[in-house]
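Here is how the chains run, residue by residue.
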Amino acid sequence: MSYLSLTDADRDAMLAAIGVSSVDELFRDIPAGVRYARELDVPPALTESELQRHMEELAGKNVVDEICFLGAGIYDHYVPAVVDAVLQRGELLTAYTPYQPEMSQGVLQAIFEYQTAICELTGMDVSNASGYDGTTVAADACFVAKHATGRSKIVVTEATNPQVRQVVKTYAPGFGLEVVEVSHEGGVTDPDRVREAAQDAAAVIFQHPNFFGVLENAPELAAAANEAEAMPIAHVDLVSLGVLEAPGVYGCAMAIGEGQSAGNAMSYGGPHYGFLAARSDYIRRLPGRIVGETVDAAGERGYVLTLQTREQHIRREKATSNITTNQTLLALAGLVHLSLLGPQGLRELGETCMALAEHAKRRLQEAGLELLFPEQTTFKEFAVRTGRNAREALQRARAKGVYAGYPLGRDYPGLDDALLVAVTEQRTLTEIERLAEALS
Amino acid sequence: MKLIYEKSQPGRRGLGVPRPEGLEPPEVPAHLARKTPPRLPELAEPEVLRHFTKLSTRNFGIDTGFYPLGSCTMKYNPRINERVVGLPGFARLHPLVEDDAAQGALELEWHLQEILREVTGLDAVSLQPAAGSQGELTGLMLFHAYFADKGEDEQRTKIVIPDTAHGTNPASVTMAGYELTPVKTDARGNIDVEDLRGKVDEHTAGLMLTNPSTLGLFDENIEAIRDIFHGAGALMYYDGANLNAVCGISRPGDMGFDVVHINLHKTFSQPHGGGGPGGGPIAVRASLAPFLPVPVVARDGATFRLDYDLPKSIGKVRAFSGPFGVFVRSYAFMRSYGPALREMSEVAVLNANYLLARLKDAYDLPFDRLCMHEFVLSARTLKREHGVSALDVAKRLMDYGFHPPTIYFPLIVPEALMIEPTESEARETLDEFIEAMLAIAREAAEDPEVVHSAPHARPVRRLDEVRAAKQPVVRFGFGDHPAEQGAGDRQLEAQKGA
Amino acid sequence: MAASESYPDDLLYHPEHDWARIDGDEAVLGVTWYAQDALGELVHYEPPSVGASVSKDNSYGEVESVKAVSDLISPLSGEVLEVNEKVVDAPETVNEDPYGDGWLIRIRMTNPNERERLLSIGEYRKLLDEG
């Protein structure tokens, strides 16, 4: 087995040094009743070339050549080659969590730079080093809100990603939280409804752009929460933050979201990274790792994990979270992507997505389809009525090589004819023509 | 070294974006539009690549050298795994495609589940949890659901955890809304069964245990422990952090555990990435399968699908079916070994015992037993006689070219050094590490100052963590707030460049 | 610079390494030299609010070093009259002067008889020697 160096000579010498006569003797403390006496019933070992062939066969059974207009939380954005090159540096890829800072200045500085980028984009004062994904950071934010306010109710908009809502509801009982949803009307959320629901709430979570791709009246939603002394928590898209205002500027307490759009391949759902940022008041309640700046014994600037007393390895049952392994490498990919784009590139990326999505809307309307929410301004996604069952429409489109979108009826009653169509900068005008043709 | 923001120059750019001809973006309503651009770095592509390459040279991975962190299982991360995870058929697959478009992915998940079932000796698997501690939380949610289904959830409020447990265990207990009952460890390093007996009753939901424990010792009384918990109608949760010791040798299901999480980034070589990603799939006994998070992977003959029809499911703990790229790597690793996963564990345990045999005289040994895949030494005597602590030993090991072991854990051992070599290391590497540890023990007696002031050979000297905690500077200041300026901003003014 | 080891004999002690200086119906509370030595340099003090109640043997706040958190266990029950803001601003004051400038809270005792159950200097030193 080529991952093991051990030779017979090595083994004999080592057993002699230990003072036992066989490897089997090393396991003598294991009671006979729990010893596994058979060979493991697992598929046979493959050499590297056989493994490559096997994996290519499996990958070949997936269909990835249909033009991708599917979004609903994960997007087909371009991942630059430099991201791959950085992630393949073994010193980063194969490093552990940077608990020994003198061995880990590379990762620590990169996380500090990532934290800075997230704060800049979201208008917040502190960011953690990443959470698992865009759904679990919502649960994390609920935990922060509960302890910061002492209240036990969470308000979340129905126009927030269904999986985000589902994860929040899964975590809520253990946190002792009640979750209340505010329905959308015409694809947006009414701030007055939020104002009402937010009485005695710890937090109000709203997605912006929302799951339908629609721009909410975000400042009003934040104001409604603040009036009730509930924490406004915006679930946002990093790629939108070159053209949309930062949540910190319009009064939010926290900003969270799924980072995949910046720097990560879709990869059937992961691994990706959740981001979580907050006003400075909440720094000691924040879950996850935080990197801070300091100096070394020679006065040189350096970076360390800081405020570790929040975390499980110190505070144990009173920790702000149980999170240990996070998504550092994927967050690093996001940082690299954002660093390549810069502010102007990020703005252009947002504008291109909007322009192409708007063009797609026009072309689909010209092909005879209706928009689900024609009055609303959207970002890179919009909902369209297909004039039939949306799954059927999707299958017909797929037969023409176009993965036209996400059937909204999966999550929203009464929307069985609607498809959620995402248009990223990777889509071309020709591909949009094919979409219109495939759905008409 | 400069931050990327300190290298930024207005007008530079590292990536172009397609601008479709003739299309104007619609206007964003004024009350929603960004007024001030975010201060992201402005560099051209070569400078970006150089910056991150330079950062990587200031870091140390398992690729660089020996990394014996106890309970972390820092083993070799095979490169074929990196190659295959990038195959377009995997990388370009959207998680919400209809099942017919994802047959390769679903088949891979199915096979991964089957291997995990065999290794754990349990019946059903969810691949969804993103990390070990999320697996723990999910497992405890399953406990709640299982007992609620029997009408016992209100009564069973306690989880028993040994004093050697990872901090994630008590943290998960709190997040799941349970109370913690601690149990002591005896002089052999096993759970103190007499202490345990008095603490398990009809108010107990279950046990959370790693076996072998964080002391690297297999609990000799595991069968008695199983009888106590199952006898009281309680469940047992296995923290899979130390599974590398027992693959194919002893199965958690056979030990009596009902729910197990596996750390794919430990036993099954998903690279740690500087802190993550990981994977924490759980395996459960059939009686708990109805409560698993949705979706689960189901098989109908030659086709595979995602099954959302679990009416008693606890819900969802993460998006989609889980971190798929992690599955690709772990599955590839498992396929490289086949049944020889057993040999992987045997070599891991052999390597650890070899180090233990050669180091136990120079350091204090809290538990005099053969170890499993890791072991704990103490620097207690060095501290008492020469003022050299476990921290000092760790920092000095850096000068010898090694990543230090885990220190100050488990909590029951003062000045603890927890060492896990893994099966990946050649004997010569182990011998070099032994020599370094022996040298440091001598230095402690003969020249303690060189140990206290270590490291000397890293990109930075010992860092001031007290300062970082007292005056947290958690983002680059851009010169916004002079009073809050970090050391770096001030240094930048004086610095010529890095 | 941490203070050198000392345990004043005009104080009463609690087994969790806290001290009380009684003055009429008020008491000033803090942590002993042993506590600050075990924690290392303090970086944070989370005090109770003025007016809050504290109760004997229960936690009234926390102190943190870089690597550890410790509950502050109250030797006596009472109402918080004053919090030492100097320690809030500069937690390392506790390391430098645990019995003087490093005091943590001043309370009005609600049950002065509790002082009978605290340890004298001799009893506390004995506990330290055994531990």
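Residues numbered from 1 in each chain as written. Chains lettered and ligands numbered in written order. Predicted model: local features only at pLDDT ≥ 70, side-chain atom pairs only at ≥ 80, totals over all residues. Heavy atoms only, no water.

## Notes on the overall build of chain B
Next, step 1: Counting its secondary structure elements, chain B contains 17 helices and 12 strands.
Next, step 2: Computed over the C-alpha atoms, the radius of gyration of chain B is 26 Å, within 12% of the 23 Å expected from 2.2 N^0.38 for a compact globule of 498 residues.
Next, step 3: Taken along its principal axes, the extent of the C-alpha atoms in chain B is 70 × 70 × 45 Å.
Next, step 4: Within chain B, the proportion of its 498 residues that are buried is 67%.
Next, step 5: Residue pairs in contact within chain B that sit at least 24 positions apart in sequence constitute 70% of those at least 6 positions apart.
Next, step 6: If the 53 positive side-chain charges of chain B are averaged to one point and the 67 negative ones to another, these points end up 6 Å apart. (Helix = DSSP H or I, 4+ residues; strand = E, 2+ residues; numbered from the N terminus. Rg over C-alpha atoms; globule rule 2.2 N^0.38 Å. Buried < 20%, exposed > 50% of the residue type's maximum accessible area, 1.4 Å probe, protein only. Contact = heavy atoms within 4.5 Å. Lys, Arg positive; Asp, Glu negative; His and termini not counted. Charge placed at Lys NZ, Arg CZ, Asp CG, Glu CD.)

## Looking at the nonpolar core
Next, step 1: The biggest cluster of nonpolar side chains holds 169 residues, and the ones touching the most others in it are Met55 and Leu408 of chain A together with Phe268 of chain B.
Next, step 2: Top contributing element to this core by residue count: helix α11 (residues 341-359) of chain B, with 11 residues.
Next, step 3: Not counting residues within four places of it along the chain, the set of residues in contact with leucine 408 of chain A comprises Phe211, Phe212, Leu372, Ala383, Leu415, Ala418 and Leu420 of chain A.
Next, step 4: Listed in part, the 81 residues of the second largest apolar core include Val82, Leu215, Leu238 and Leu335 of chain A. (Core = buried A, V, L, I, M, F, W, Y, C linked by side-chain atoms within 4.5 Å.)

## A look at the domain arrangement of chain B
Residue and element names in this part refer to chain B.
Next, step 1: Domain boundaries assigned for chain B yield domain 1 (4-57), domain 2 (83-339) and domain 3 (344-452).
Next, step 2: A separation of 30 Å is found between the C-alpha centroids of domain 2 and domain 3.
Next, step 3: Here domain 2 meets domain 3 over a buried area of about 1,900 Å², counting both sides, of which 63% is carbon and sulfur.
Next, step 4: Our count for the domain 2 to domain 3 interface comes out at one salt bridge. (Domains from an automatic or database assignment. Buried area = accessible area lost by both parts, 1.4 Å probe. Salt bridge = Lys/Arg side-chain N within 4 Å of Asp/Glu carboxyl O.)

## Points about the state of the cysteines
Put plainly, a disulfide is one covalent bond tying together the sulfur atoms of two cysteines.
Next, step 1: Tallied over the full model, the rule gives zero disulfides over all chains.
Next, step 2: A disulfide-free cysteine, cysteine 72 of chain B has its sulfur positioned 16 Å from the sulfur of cysteine 371 of chain B, the nearest such atom. (Disulfide = S-S within 2.5 Å.)

## Re the confidence of the model for chain B
Next, step 1: Counting all residues, the mean pLDDT for chain B is 95, and 96% of those residues have values of 70 or more.
Next, step 2: Prediction confidence for the complex, expressed as pTM and ipTM, is 0.95 and 0.97 respectively. (pLDDT = per-residue confidence, 0-100.)

## Details of the domain arrangement of chain A
Residue and element names in this part refer to chain A.
Next, step 1: The domain architecture assigned to chain A consists of domain 1 (8-60), domain 2 (67-78 + 342-439) and domain 3 (81-335).
Next, step 2: On a C-alpha basis, the centres of domain 2 and domain 3 stand 27 Å from each other.
Next, step 3: With 29 residues of domain 2 at the contact, the number on the domain 3 side is 30 residues.
Next, step 4: Taking both partners together, domain 2 and domain 3 bury about 2,300 Å²; carbon and sulfur atoms supply 67% of that area.

## Observations regarding the pattern of salt bridges
Next, step 1: Counted under the stated rule, the structure contains 69 salt bridges over all chains.
Next, step 2: The shortest N-O distance in the salt bridge between aspartate 10 of chain A and arginine 427 of chain B comes to 3.2 Å. With aspartate 10 of chain A in helix α1 (residues 8-18) and arginine 427 of chain B in helix α14 (residues 427-446), the pair connects residues from two separate chains.
Next, step 3: With relative accessibility at 23%, the residue arginine 427 of chain B sits in the partly exposed group.
Next, step 4: We note a salt bridge from lysine 75 of chain B to glutamate 423 of chain B, for which the minimum N-O separation is 2.8 Å. In this pair, lysine 75 of chain B is assigned in the loop between α1 (45-57) and α2 (79-85) and glutamate 423 of chain B in the loop between β12 (416-419) and α14, connecting sequence segments 348 residues apart. A single burial state applies to lysine 75 of chain B and to glutamate 423 of chain B, both of which are buried.
Next, step 5: A single salt-bridge network, built from bridges that share partners, covers Arg347, Glu348 and Glu351 of chain A together with Arg13 and Arg19 of chain B.

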